[in-house]
Amino acid sequence: MTVGSLFTGIGGFDLGLERAGFEIKFQVEIDPFCRKVLEKHWPQVKRYEDVRTVGSELEHVDVVCGGFPCQDVSCAGPRTGIDGARSGLWSEMARLVRQLRPRYVIVENTEGLLERGFGRVLGDLAEAGYDAEWASLRASDLGAPHERERLFLVAYSDAQHGQAGLGLRDSEEWAIFAADYPERLALWLASAGLAPRMDDGIPTPLDRRLRTEAIGNAIIPQLAEWIGRRIIEAEERLKVTA
C-alpha cells in the first residue's frame, strides 16, 4: 500500500509504516532542517514544502498520514484550540483528504486534542465519508524510557473497514507486538544519544538545538509500525470476506 505523509518532520510515520510494508510516495514538510533529514533517508521520494500550497500535484495514495501541529491543543500550549494559528492547519489536512480520497487516514496528536478540537476532526472526516477509531498509545509500552502518550486516529473510507475493526489497542495483540520487538531497547538507547552527539556533522549549538527539536516533534516509529500492521491485517480480513 502507498503512503502520502503530511507534516512529515524527520519521518517517524514514514519509517514505521515502511517497516510494516508500506511504500512512501510523497512527503510534505516545511522545516528546512527536517527536509534535509528526509532527503538523506528517502532520496527518491517526492517532497513538497508547504501543506497550504500543495494540491493537484500530489499523486493518489492508499494512506494519508500526519501529525498536524499540536501547539494550540496541547495542555502545554496556549490552549486556543484547533482554530489556533498552528493547530488550525488541520483544515489543510482535511482538504487534502477530501481531494485524494485515500483508503485510510492516520492522524496523530497530543491527548489535548480530545478536549480542544477532536469533534472538529471527527466531523470533518465524517463529512468526507470516513468512519474512524482511535486509541492512546504509549512509547513506554514498547520499551522506551519515557511515557510519551499520544492519540492516534485511523479513519477508513468504506463501511467494510469499520466492520473489520483495527483493534488499535487490542491488549493481547499489543502485548505480542511489544514482546516481539527485539531491537526496541537498542533503538531507544541510540535515540537518547542523538541530541548531544558531535560526530555526525552537526557542529554548532544551533544545529544541535534543531536536531533536538526535530527528534522531540517526531512520532515513535514503532507506534506507526503497529498501526500499519493493523491496517494490513484488516485488509487481509476484507479480502477473505469479499
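Before any of the text, the structure's been laid out above.
Small disclaimer: the values here were computed from a predicted structure and weren't measured.

Draft legend 1. Looking closely at the overall build of the chain. Along the chain, the regular secondary structure elements total nine helices and seven strands. Here the chain, with 242 residues, has 49% of them falling under the buried criterion. Of the contacts made within the chain by residues no fewer than 6 positions apart, 68% connect residues no fewer than 24 positions apart. Summing over all exposed atoms, the chain offers an accessible surface of approximately 11500 Å²; the carbon and sulfur share of this is 51%.

Draft legend 2. Examining the sheet that holds strand β6 (residues 131-138) more closely. An order of β3-β2-β1-β4-β5-β7-β6 is seen for the seven strands of this open sheet, with the pairing classed as mixed. At either margin of the open sheet sits one strand with a lone partner, and together these are β3 (46-48) and β6. Strand-to-strand, the axes of this sheet are offset by a mean angle of 20°, without reference to chain direction. Two elements, strand β5 (residues 104-109) and strand β7 (residues 149-156), share six bridges in a ladder whose sense is antiparallel.

Draft legend 3. Fine view of the pairing of strand β1 (residues 2-6). Within β1, five of the five residues are buried, which leaves the element mostly enclosed by the surrounding structure. Of the two faces of β1, both are covered, the one formed by T2, G4 and L6 as well as the one formed by V3 and S5. By the bridge criterion, five bridges tie β1 to strand β2 (residues 23-28) in an arrangement that is parallel. By the bridge assignment for β2, G4 is matched with F26. Taking the sense of rotation as the criterion, the β-α-β connection linking β1, helix α1 (residues 12-20) and β2 turns out right-handed. Where β1 meets strand β4 (residues 63-66), four bridges bridge the pair, whose relative direction is parallel. Looking across to β4, one finds that S5 is bridged to C65.

Draft legend 4. Region of the structure containing the nonpolar core. Residues F13, Y104, I106, L137, V154, I227 and I231 are the most contacted members of the largest nonpolar core, which totals 34 residues. When contributions to this core are tallied by element, the ones reaching two or more residues are α1, β4, β5, β6, β7, α6 (171-179) and α9 (221-241). Broken down by element, this core gets its largest block of residues, seven residues, from α9. Ranked by size, the runner-up nonpolar core spans 32 residues in total, among them F68, V97, L153 and A155.

Draft legend 5. Local environment of the environment of L113. Among the secondary structure elements, L113 is positioned in the loop between β5 and α4 (118-127). Residue classification places L113 among the buried residues on the basis of a relative accessible area of 2%. Placed 34 residues apart in sequence, L113 and R79 show a C-alpha to C-alpha distance of 9.6 Å. L113 has contacts with F68, V73, I82, F118, V121 and L151, leaving out every residue within four places of it along the chain.

Conventions we followed
- Residues numbered from 1 in each chain as written.
- Predicted model: local features only at pLDDT ≥ 70, side-chain atom pairs only at ≥ 80, totals over all residues.
- Heavy atoms only, no water.
- Helix = DSSP H or I, 4+ residues; strand = E, 2+ residues; numbered from the N terminus.
- Buried < 20%, exposed > 50% of the residue type's maximum accessible area, 1.4 Å probe, protein only.
- Contact = heavy atoms within 4.5 Å.
- Areas by Shrake-Rupley, 256 points an atom, 1.4 Å probe, with all protein chains shown as cover.
- Pairing = 2+ DSSP bridges.
- Axes fitted to C-alpha atoms, helices over the stretch in contact; angles between N-to-C directions.
- Right-handed = clockwise from strand over helix to strand, strands pointing away.
- Core = buried A, V, L, I, M, F, W, Y, C linked by side-chain atoms within 4.5 Å.

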